[in-house]
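Secondary and tertiary structure notes
Okay, here's what each chain looks like letter by letter:
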Amino acid sequence: MTRTPTRILTLFACAVLLLAGCSGGGDGADDGRITLRFQSLAWQDESVKANRELVREWNAGHPDVRVEYVQGSWDSVHDQLLTSFEGGEAPDIIHDASDDLADFAYGGYLADLTGLLPARLKSDIPERSWETVTFGDGVYGVPFLQEPRVLIANATLLKESGLRIPTPEHPWTWPEFRQVTKELSGDGTYGVAWPLKEPVSATLNLSLSTGGQLFHRGADGKVTVRFETGDQVVPRTVHDQVDTDHSASPTTLGSGGSDTLPGFFAGKYAMVPLGFSYRQQIEQQAPEGFDWQVLPAPAGADGLAQGVSPQTLSIAEDSPHKKEAAAFVDFLLQPDNMVRLALGDWMLPTGVQALKDPALHTDEQGWATGTALAEHLRPAPAQSVRGYAEWKDKVATPALQEYYSGAIGMDELRHRLEEDGNLVLARYQR
């Protein structure tokens, strides 16, 4: 076939592009547009809808920077991200949780956002939230959604009991909570059902209210585990409710939160401690006429303080378009948009302006109670501890499960958390 001059010029142009290293993937299209991949972990229908709508709105207003929505999963996100980082295929914008970021940040997989984020976003989110994504001297994510742990109560049983109903201004103390669950028990009903299939996060985060800290960082930067008096109040309360008072169901200790809902709706449990976002499942699944309400978790020496690991948005270190990715994050987290994301996930925004939205202050579905707890949320104790994942899986989870079931006592629990735990953490701090 005879090559025309036009075809020769076309082939020459293609060769130049190849030699220049131009590629498809997520970097840009042939028309010069930048394409960013945004991996979202939204899973509830309302949340997925809100995220997809915001991506469409961005794309409509930014023809030169297109965002591609990628659906991820909380069940596999850590391993999936590690594989994509090591394979050079990580999404540009990454949805995750702050307690999953430490190893990725220290490993050089996430971009330091210190110089990329606008002043508006930095000032709108409180410093306590930024602490959850700060590792060393860098900031490796934007914390944008958070949820307190609350008590979801059968309002009918609570009213019939005549007991004082707690509020964020006047919560139950931990001893009072134990007494309340005893009084609510009987006639086939337990005062509380603790879903502790994953016991570590619930135990550690609620223990901030009683002065618990567990992880102590020395002047040399190394972390050691000390299971002190404040750390013992919450696990001792749960243990005594199950083993001594028989006011807590022993069968739910190995269950997840969703597993307790059928029994809760059937009147088998008067209360269930759950994350704030579980309200959506309750609203959708509760039988007609079932009356429920949201109560604050018990308070201790440090009041209503509790640990939290916010959901985060990070940018991959390998992304060639960090500036554009940061602009999309800023768009996604404008106050009105942050409210949309919070309502879609039934969680609380971290932003001060978003938290003022009237939709988050209604009594309906317990929004006002949750919003009142926002100021008491603190970084989860394990937030920046390297080796926490192994400590949790190999040491803390089995030890707490055995303690709650009555197989071991408090002294053995302390020994395992401290002695065995510090051996694990030492390997990450050499």
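The structure this text deals with has already been given above.
My aim in this report is to walk through the structure given alongside it, one point at a time. (Residues numbered from 1 in each chain as written. Predicted model: local features only at pLDDT ≥ 70, side-chain atom pairs only at ≥ 80, totals over all residues. Heavy atoms only, no water.)

**Let's talk about the pairing of strand β6 (residues 142–146)**
- Along β6, five of the five residues are buried, which leaves the element largely enclosed by surrounding structure.
- Here three bridges tie β6 to strand β13 (residues 311–315), and the two strands are oriented antiparallel to one another. Within β13, the position partnered with Val142 by the bridge is Leu313.
- Two elements, β6 and strand β14 (residues 348–349), share two bridges in a ladder whose sense is antiparallel. The residue of β14 that forms the bridge with Gln146 is Leu348. (Buried < 20%, exposed > 50% of the residue type's maximum accessible area, 1.4 Å probe, protein only. Helix = DSSP H or I, 4+ residues; strand = E, 2+ residues; numbered from the N terminus. Pairing = 2+ DSSP bridges.)

**Digging into helix α14 (residues 335–345)**
- Those residues of α14 that fall on the buried side of the exposure criterion are Asn337, Met338, Val339, Leu341, Ala342, Gly344 and Asp345.
- Directly after α14, the chain includes Trp346, whose backbone phi takes a positive value near 55°.

**Comments concerning the pattern of salt bridges**
- A full pass over the atoms with the stated rule returns 13 salt bridges.
- Arg178 is the partner of Asp240 in a salt bridge, and the nearest nitrogen-oxygen pair spans 3.4 Å. Taken together, the positions of Asp240 in helix α10 (residues 229–243) and Arg178 in helix α8 (residues 174–183) put the pair 62 residues apart, joining distant regions of the chain.
- Judged by its relative accessible area of 16%, Asp240 is buried.
- Here Asp411 makes a salt bridge to Arg414, at a shortest N to O gap of 2.9 Å. (Salt bridge = Lys/Arg side-chain N within 4 Å of Asp/Glu carboxyl O.)

**Considerations on the side chain of Ser84**
- Tracing the backbone through its elements, the reader meets Ser84 in helix α3 (residues 77–86).
- Non-local contacts of Ser84, meaning those with residues more than four positions away in its chain, are made with Glu89, Ala90 and Pro91. (Contact = heavy atoms within 4.5 Å.)

**Some thoughts on the packing of helix α17 (residues 388–404) against helix α18 (residues 410–426)**
- Where α17 meets α18, the closest approach of the two axes is 10 Å, and the angle between their N-to-C directions is 170°. By the angle between their axes, α17 is roughly antiparallel relative to α18. Residues Tyr388, Glu390, Trp391, Val395, Ala396, Pro398, Ala399, Leu400, Glu402 and Tyr403 of α17 lie in contact with α18, whose contacting residues are Met410, Leu413, Arg416, Leu417, Asp420, Gly421, Val424 and Leu425.
- Residue composition of the contact of α17 with α18, grouped by class: 13 nonpolar, one polar and four charged. (Axes fitted to C-alpha atoms, helices over the stretch in contact; angles between N-to-C directions. Parallel < 35°, antiparallel > 145°, perpendicular 65-115°, else oblique. Nonpolar A, V, L, I, M, F, W, Y, C, P; charged D, E, K, R; others polar.)

**Examining unusual backbone geometry**
- If you check the backbone angles, Asp187 has positive phi at about 55° while not being a glycine.
- Within the secondary structure, Asp187 sits in the loop between α8 and α9 (199–206).
- One non-glycine residue, Gln365, lies in the positive phi region at around 60°.
- Relative to the helices and strands, Gln365 is located in the loop between α15 (352–355) and α16 (367–373).
- In this structure Gln365 comes out as partly exposed when scored by relative accessible area, which is 21%.

**A short note on the pairing of strand β2 (residues 65–71)**
- Sheet topology note: the strand β1 (residues 34–40)/β2 ladder contains seven bridges and is parallel. Looking at β2, one finds that Phe38 is bridged to Tyr69.
- In this fold, β1 hands off to helix α2 (residues 45–61), which returns the chain to β2; that crossover is right-handed. (Right-handed = clockwise from strand over helix to strand, strands pointing away.)

**Quick notes on the packing of aromatic side chains**
- Enumeration over the complete set of coordinates arrives at 22 aromatic pairs.
- Between Phe85 and Phe104, the aromatic rings sit 5.2 Å apart at their centres with planes inclined by 65°, giving edge-to-face as the arrangement. Residue Phe85 is found in helix α3, and its partner Phe104 is found in helix α4 (residues 102–106); the two are separated by 19 residues along the sequence. Residue Phe85 shares its accessibility class with Phe104, and that shared class is buried.
- Look at Phe215 and Trp391: their rings are 5.0 Å apart centre to centre, the planes differ by 70°, and that puts the pair in the edge-to-face class. (Phe/Tyr/Trp six-rings, centres within 6.5 Å; stacked < 30°, edge-to-face > 60°.)

**Structural notes on the sheet that holds strand β7 (residues 149–154)**
- Taken together, three strands build an open sheet; the order of strands is β10-β7-β11 and the sheet is antiparallel. Of all strands in the sheet, those with a lone pairing partner are β10 (271–275) and β11 (292–296), marking the two edges. Sheet twist, expressed as the average angle between the axes of neighbouring strands with direction ignored, equals 35°.
- In the sheet, β7 pairs with β10 via five bridges, with the strands oriented antiparallel. Note on β10: the bridge partner recorded for Ala153 is Met271.

**As for the sheet that holds strand β3 (residues 93–97)**
- The strand order across the open sheet formed by six strands is β2-β1-β3-β13-β6-β14, and the pairing between neighbours is mixed. Two strands lie at the open edges of the sheet, namely β2 and β14, each paired on one side alone.
- Contacts between α2 and the sheet are confined to β1 and β2, with β2 contributing the most and set at about 165° to the helix.
- Set on the sheet, α14 makes contact with β6, β13 and β14; between it and β6 the angle comes to about 45°.

**So, the packing of α2 against α14**
- Across the interface, α2 lies against α14 with an axial gap of 7 Å and an inter-helix angle of 155°. It follows from the interaxial angle that α2 and α14 lie roughly antiparallel. In terms of crossing hand, the pair formed by α2 and α14 is left-handed. Two secondary-structure elements touch here, α2 through Glu46, Ser47, Ala50, Asn51, Glu53, Leu54 and Glu57 and α14 through Asn337, Arg340, Leu341, Leu343, Gly344 and Asp345.
- Class assignment of the residues belonging to the contact of α2 with α14 gives a composition of four nonpolar, four polar and five charged. (Left-handed = near helix turned anticlockwise from the far one by under 90°.)

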